[in-house]
Amino acid sequence: MTAGGAVPGPDGRPRCPWGLSTEDYVAYHDEEWGRPVHGDDELFERLCLEAFQSGLSWITILRRREGFRRAFDGFRIASVAGFGESDRERLLADEGIIRNRAKVDATLANAKLLATWSPGELDALIWSYAPDPAARPAPRSVSEVPSVTDESTALAKALKKRGIRFVGPTTAYALMQACGLVDDHVEGCVARGGK
């Protein structure tokens, strides 16, 4: 394997190198990252978590994910859209999440906006930017995995045009990777192709 290619884990199964960097990552890598995610609430959660991750490591978010889910009522759009000023203050004081005012405010504003969309509209919009998998060969190493693509730039632009806050091309690409719009597991990885 090329440098940064699949490496055997403790169980002998080859994985992307980042998927073995901490115990927390193994299950996330094997069972979630790169697997298709559908549903407005489910995609809202991932969009929010990717926004909260901006400027931080993903492990910080992953380790606080249950705290985020509790704080934001499971990321149910209809529920979060009803949050008021007391909820905002509660969130900014919640040590179980990242207490970034701009990110909290964006999450609340995005929920209010998304609550006005038709059911399935967020899902359809996001998935309309999934590239053709046949046009994307498996990366041989993590160095071949981009952080931004034409599709993620277009998705970020479309979300912003519709009023979604705190999403840029890099955040949009991380969302695409996490939600299975692209499969960036390296060649030979046990999780490539949803295996």
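What counts and what doesn't
- Residues numbered from 1 in each chain as written.
- Predicted model: local features only at pLDDT ≥ 70, side-chain atom pairs only at ≥ 80, totals over all residues.
- Heavy atoms only, no water.
- Axes fitted to C-alpha atoms, helices over the stretch in contact; angles between N-to-C directions.
- Helix = DSSP H or I, 4+ residues; strand = E, 2+ residues; numbered from the N terminus.
- Parallel < 35°, antiparallel > 145°, perpendicular 65-115°, else oblique.
- Left-handed = near helix turned anticlockwise from the far one by under 90°.
- Contact = heavy atoms within 4.5 Å.
- Nonpolar A, V, L, I, M, F, W, Y, C, P; charged D, E, K, R; others polar.
- Phe/Tyr/Trp six-rings, centres within 6.5 Å; stacked < 30°, edge-to-face > 60°.
- Lys NZ or Arg CZ within 6 Å of the ring centre and 35° of its normal.

Per an unreviewed UniProt entry, the chain goes by DNA-3-methyladenine glycosylase I and derives from Streptomyces narbonensis.

> Would you explain the packing of helix H5 (residues 85-93) against helix H6 (residues 101-114) in this entry?
Packed helix pairs are specified by the crossing angle of their axes together with the interaxial distance, meaning the distance between the axes. Contact pair H5 / H6: the axes reach a minimum separation of 10 Å and the direction vectors enclose 140°. With respect to H6, the axis of H5 lies oblique. Two packed elements cross with a definite hand, and for H5 against H6 that hand is right-handed. Packed against H5, whose contacting residues are Arg88, Leu91 and Leu92, the element H6 presents Arg101, Val104, Asp105 and Leu108 at the interface. Tallied by class, residues from the contact of H5 with H6 come to four nonpolar, no polar and three charged.

> Sorry if this is basic, but what is going on with the packing of aromatic side chains here?
The way to describe two aromatic rings as a pair is by their centre distance and the angle between their planes. Under the criterion given, the structure shown has nine aromatic pairs. For the pair Phe52 and Phe72, a centre-to-centre distance of 6.0 Å together with 55° between the ring planes defines the contact as tilted. Placement of Phe52 in helix H2 (residues 40-53) and of Phe72 in the loop between helix H3 (58-71) and helix H4 (77-81) is noted, with a sequence separation of 20 residues between them. One residue, Arg162, lies across the ring of Trp117, its end atom 4.0 Å from the ring centre.

> Which parts of the structure should I look at to understand the environment of Cys179?
Structurally, Cys179 can be placed in the segment after helix H9 (169-178). In this structure, the C-alpha to C-alpha distance between Cys179 and Asp30, residues 149 residues apart in sequence, is 13 Å. Those residues in contact with Cys179 that sit more than four places away from it in its chain are Arg35, Pro36, Val37, Leu43, Arg46 and Trp127.

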